[in-house]
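The residues making up each chain are set out below.
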Amino acid sequence: MKRMLMIKRKGFNYYTDYTELYLHNAFQNYGYSIVRDKAKSDFSVIVYISEFAKYMMLTSTFFDELSESDAVNLCEIFSNAFKSEAAIADIVECENASFEAYEFMLSKTYSAYDEPVYMVDEPPKLEWRTRDINFETNKNYSMSFVNVGGKFSGINITFDFNESLYDLELSDAHISRFNGHSFSRQEFVFKKENGCFKADIDFLKLEKGINPKSAVLRAKKRANEEERYGFWLGVLPVSKEDVVLKGTLTIKSDNIELFRGNI
């Protein structure tokens, strides 16, 4: 790639939800739409964003294939879509650590704005939404999950730690949920079986999930819906020793694995 499109940060245009929307609006002029499924995309745009830089930098093979006159027209289209200044420049390396790179995919055939917002009949699946944590004994932890699949009723949770602490217990276990107006909290108990900690939670039911391939929801609206169709898992690992615990967390429903990850 030899060209980059520079767009001045202004308002919310560098918030990724809005960057995605404005890219979609701009590329509609060329017959392309945003998609979130790489297998359905024709090409992608890499957007480099830093809160410490005045401009976002966009690169794509699409820009390189334009004639000089078409490049001028592109700047006008993107300036209107992003409500800011836009200019074409020779590409430079974005090696500064303050820049984050985001990939947005485009398609002539499909659109993320035509995808259904919610999933009901698909297999349920949970996404971890908490930053990486050091799971230490004698400290409270809250782990956030969002359902990005179909409905489920009841879950089974298993913690399998690498460390063998004879006195390790999981205390203060609870599930917290937000129903759109207030939080609810329900407690449960882990049982220790062959070094693993297991719990069956019948009371957790989600009738749908958020479709990750849909771009209809954004910003606060998406955050609110993800809270409605997600939950927080709280737990306090207790031991006489202060240890950083490593292991695996597995969550299932009706023998379907919703989540499995290292902690």
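The structure we're discussing is the one just above.
Quick look at the structure, then.

**Brief notes about the overall build of the protein chain**
- A count of helices and strands for the protein chain gives 4 helices and 18 strands.
- Each of the three principal axes of the protein chain carries a C-alpha extent, and together these read 70 × 40 × 35 Å.
- Counting across all 263 residues of the protein chain, residues that qualify as buried make up 46%.
- In the protein chain, the share of contacts with a sequence separation of at least 24, taken over all contacts with a separation of at least 6, comes to 76%.
- Accessible surface computed for the protein chain: about 14300 Å², of which carbon and sulfur atoms make up 45%.

**Side note on the environment of C75**
- Topologically, C75 is positioned in helix α3 (residues 68–82).
- Between the alpha carbons of C75 and N134 there is a distance of 46 Å; along the sequence they are 59 residues apart.
- Beyond its immediate sequence surroundings of up to four residues, C75 is in contact with L5, A86, A87 and I88.

**Quick word on the nonpolar core**
- Ranked by internal contacts, the top residues of the largest apolar core, which has 32 residues, are I157, F159, F190, L233 and L249.
- Mapped onto this core, the elements with two or more residues apiece are β9 (141–147), β10 (152–161), β11 (169–178), β14 (196–206), β16 (230–238), β17 (247–253) and β18 (256–262).
- Ignoring anything within four residues of it in the chain, the contact list for I157 reads F188, F190, F197, K198, A199, I201, L233, L249, T250 and I251.
- Counting residues in each nonpolar core, the second largest holds 30 residues, with I7, Y14, L58 and L74 among its members.

**Here we look at the packing of aromatic side chains**
- Tallied over the full model, the rule gives 30 aromatic pairs.
- Summarising the aromatic geometry, the rings of W128 and F145 are spaced 5.5 Å apart at their centres and angled 85° between planes, so their arrangement reads as edge-to-face. Linking W128 in strand β8 (residues 126–128) with F145 in strand β9, this pair joins segments that are 17 residues apart in sequence.
- In this arrangement the basic side chain of K108 is found over the ring face of Y32, its NZ or CZ atom lying 4.5 Å from the centre.
- Positioned above the aromatic ring of Y118 is the side chain of K208, whose terminal nitrogen or guanidinium carbon lies 4.5 Å from the ring centre.

Rules used throughout
Residues numbered from 1 in each chain as written. Predicted model: local features only at pLDDT ≥ 70, side-chain atom pairs only at ≥ 80, totals over all residues. Heavy atoms only, no water. Helix = DSSP H or I, 4+ residues; strand = E, 2+ residues; numbered from the N terminus. Buried < 20%, exposed > 50% of the residue type's maximum accessible area, 1.4 Å probe, protein only. Contact = heavy atoms within 4.5 Å. Areas by Shrake-Rupley, 256 points an atom, 1.4 Å probe, with all protein chains shown as cover. Core = buried A, V, L, I, M, F, W, Y, C linked by side-chain atoms within 4.5 Å. Phe/Tyr/Trp six-rings, centres within 6.5 Å; stacked < 30°, edge-to-face > 60°. Lys NZ or Arg CZ within 6 Å of the ring centre and 35° of its normal.

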